[in-house]
Amino acid sequence: MTNAAVHLEGQQHSLHAHVHDALASGATHAKGQQHPIKLYLVVWGWLFVLSTCSYLVDYFGLHGYLRWSLILLFMVLKAGLIVAVFMHMAWERLALAYAILLPPVLVLVFVAIMVFESDYTHLIRVISFGSPT
Amino acid sequence: MAETALTNTGESPARIEGLRGIAADWSSDQRAFKNVSWGKAMMWIFLLSDTFIFSCFLLSYMTARMSTTVPWPNPSEVFALTIGGKHIPLILIAIMTFVLISSSGTMAMAVNFGYRRDRAKAAVLMLVTAAFGATFVGMQAFEWTKLIMEGVRPWGNPWGAAQFGSCFFMITGFHGTHVTIGVIFLIAIARKVWRGDFDVERRGFFTSRKGQYEIVEITGLYWHFVDLVWVFIFAFFYLW
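So, how was this worked out
- Residues numbered from 1 in each chain as written.
- Chains lettered and ligands numbered in written order.
- Predicted model: local features only at pLDDT ≥ 70, side-chain atom pairs only at ≥ 80, totals over all residues.
- Helix = DSSP H or I, 4+ residues; strand = E, 2+ residues; numbered from the N terminus.
- Buried ≥ 20, exposed ≤ 12 C-beta atoms within 10 Å, placed from the backbone.
- Core = buried A, V, L, I, M, F, W, Y, C linked by C-beta atoms within 7 Å.
- Contact = placed C-beta atoms within 7 Å.
- Domains from an automatic or database assignment.
- Nonpolar A, V, L, I, M, F, W, Y, C, P; charged D, E, K, R; others polar.
- Axes fitted to C-alpha atoms, helices over the stretch in contact; angles between N-to-C directions.
- Parallel < 35°, antiparallel > 145°, perpendicular 65-115°, else oblique.
- Expected span 1.5 Å × (residues − 1).

**Thoughts on the environment of V78(B)**
Residues and elements named next belong to chain B. Within the secondary structure, V78 is located in helix α4 (residues 75–78). Here V78 falls in the buried class, since 21 other C-beta atoms lie within 10 Å of it. Sequence separation of V78 and G18 is 60 residues, and the distance between their C-alpha atoms is 48 Å.

**Description of the nonpolar core**
The biggest cluster of nonpolar side chains holds 76 residues, and the ones touching the most others in it are A110(B), A122(B), M126(B), I171(B), V193(B), V216(B) and F234(B). Counting residues per element, the ones that place at least two in this core are α3 (37–59), α4 (64–86) and α5 (94–129) of chain A together with α3 (38–67), α5 (91–115), α6 (119–149), α7 (163–195) and α8 (214–238) of chain B. The element that contributes the greatest number of residues to this core is α8(B), accounting for 16 residues. Ignoring sequence-local partners within four residues, the contact set of M126(B) consists of A110(B), L186(B), I189(B), A190(B) and V193(B).

**A look at the domain arrangement of chain A**
It is common to give the size of an interface as the accessible area that goes away when the parts come together. Split by domain assignment, chain A resolves into domain 1 (1–34), domain 2 (36–91) and domain 3 (93–133). In this structure, domain 2 of chain A and domain 3 of chain A have C-alpha centres spaced 23 Å apart.

**Looking at the environment of F234(B)**
Mapping F234(B) onto the fold places it in helix α8. Along the primary structure F234(B) and A94(B) are separated by 140 residues, whereas in three dimensions their C-alpha atoms are 8.8 Å apart.

**Examining the interface of chain A and chain B**
The interface is formed by 57 residues belonging to chain A together with 54 residues belonging to chain B. The leading source of residues in the side of chain A that touches chain B is α5(A), at 20 residues. Along the lines of polarity and charge, the residues of the side of chain A that touches chain B split into 33 nonpolar, 15 polar and nine charged.

**Here we look at unusual backbone geometry**
Note: most peptide bonds trans; most residues except glycine with negative phi. All names here are of chain B. Phi is positive for L90, which is not a glycine, with a value near 60°. Assignment of secondary structure puts L90 in the loop between β2 (86–88) and α5. Within the chain, R117 stands out as a residue other than glycine whose phi angle is a positive 60°. Tracing the chain through its elements places R117 in the loop between α5 and α6.

**Description of the packing of α4(A) against α8(B)**
Running from amino to carboxyl end, α4(A) crosses α8(B) at an angle of 175°, the nearest separation of the two axes being 10 Å. The angle between α4(A) and α8(B) places the two elements in the roughly antiparallel class. Every residue of α8(B) that contacts α4(A) at I71(A), M75(A), K78(A), A79(A), I82(A), V83(A) and F86(A) is listed here: H224(B), D227(B), L228(B), V231(B), F232(B) and A235(B). Partitioning the contact of α4(A) with α8(B) into residue classes produces 10 nonpolar, one polar and two charged.

**Re α7(B)**
Taking 1.5 Å of rise per residue, the 33 residues of α7(B) would be expected to cover 48 Å, and the 48 Å separating its terminal C-alpha atoms lies within 8% of that figure. Phi turns positive, to about 85°, at G196(B), one or two residues after α7(B).

**Observations regarding α4(A)**
Along its 23 residues, α4(A) runs 32 Å from first to last C-alpha, staying within 8% of the 33 Å computed at 1.5 Å per residue. If you check which residues of α4(A) are buried, you get I71(A), F74(A), K78(A), L81(A), I82(A), V85(A) and F86(A). Looking at the buried residues of α4(A), the elements they touch are α3 of chain A together with α5 and α8 of chain B. One or two steps after α4(A), the chain reaches H88(A), where phi turns positive at roughly 65°.

**Section: the domain arrangement of chain B**
Domain boundaries assigned for chain B yield domain 1 (1–36) and domain 2 (38–238). Placing the centre of domain 1 of chain B and that of domain 2 of chain B at their C-alpha centroids yields a distance of 32 Å.

Next comes the structure, spelled out in C-alpha cells:
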C-alpha cells in the first residue's frame with residue numbers, strides 16, 4: 001500500500017508529461033478523465049438535436065402513444081449522454097456505476113405504485129363527485 | 001501518505017470484468033471505490049440522494065395530475081410567448097433548455113482543460129458556464145413573474161386544476177435554487193483555478209487539504225446533474 005502510494009505520487013508529478021503524451025497519441029483514455037474535446041462537442045451537438053426533436057413533438061402537437069414514446073425516447077437518450085459522457089460514468093469502474101445508477105431505477109417501482117394509487121383516487125372522485133374529465 | 005492514497009485519481013488497481021469485479025471491489029478491504037477519490041464518491045452519493053428528492057417531487061406532481069378530475073392547464077399554451085407578432089408555443093422553455101445544455105458543454109470542456117493544467121481556459125470556460133447558468137435563472141425569474149401576473153398561485157390559477165401552481169413553483173423553484181447554488185460554486189472554484197491554487201496545491205481554508213484540479217470535475221458533476229434534472233422536468237412537466 002505504501003509503495004503504491006509513493007508510486008502514485010510520483011506519477012502525479014509527471015501528470016503533465018503524461019497528458020501531453022496521451023494527447024499526442026490521440027489516446028481517448030488517460031489519467032484523470034482525459035478525452036478529446038471533439039467528443040464533448042459531438043455530444044453537445046446531439047443534445048441540441050435531441051432537444052429540438054422533443055420541442056418539435058410539442059410544436060407539431062403530436063398526441064397519444066406516439067407523443068409519449070417520442071418524449072420518453074429523447075429524454076432517455078439525453079440523460080444517457082449526459083451521464084455517460086459529460087459525467088464520465090462510461091469510464092468509471094463498475095462498482096461505482098452500479099452503486100449510483102441502480103438505485104434510481106428502483107424509483108420505477110414507486111412510479112408504478114403511485115400510478116395505481118392515483119387511478120384509484122381518480123375513480124373514487126368520479127364516483128363521489130361526478131363530472132369525469 | 002494516507003491522504004495521497006485517498007485523493008489519488010490516477011491508475012486503478014487491476015480490474016476484474018463484469019459482476020465478479022463488482023463483487024471483488026465491494027468485498028475488498030476498506031475501499032469499495034478503488035480509483036475514485038472521497039470527494040468524487042461523496043459528490044456522486046449526494047447526487048444520488050438529490051435524485052430521490054427530485055423523483056419525489058415529480059412523483060407527487062404525477063399523482064396530483066393523474067388523480068384530479070379538473071382539467072390540467074395546457075403547458076404548451078401557458079408557456080407560449082408572442083414574439084414579433086407570432087404566437088410560439090413553449091418557446092421560452094425551449095430557449096432555457098438550450099441555454100442549460102450549452103452550459104453543460106462548456107463545463108465538460110472546462111474539466112478537460114483543468115486536467116491539462118490550462119488554467120486560463122479552464123477558468124474562462126467555468127465563468128462562461130456560470131454566465132449561462134445566471135441567464136437561465138434570469139429567464140426563470142421572468143417566467144415566474146409572467147405567471148404570477150397572470151394570476152397563478154400555489155392554491156389556484158385561471159385555467160384549471162389548482163395543483164398546477166403548487167407543482168410548478170415547487171419543482172422549478174427547487175431546480176432554480178440548485179442552479180443558483182451551482183453558479184456560486186462555479187464562480188468560487190473558477191477564482192481558485194484562475195489564481196493557480198491547484199498548480200501549487202494550495203491548501204483549502206476550510207479543509208486544509210491540498211487543492212487539486214479534480215475539484216473542477218466534481219463541480220462539473222454537480223452542474224451536469226442540474227442539467228440532467230432539467231431534462232426530466234422538461235419532459236414531464238412541460239411536454240406532458
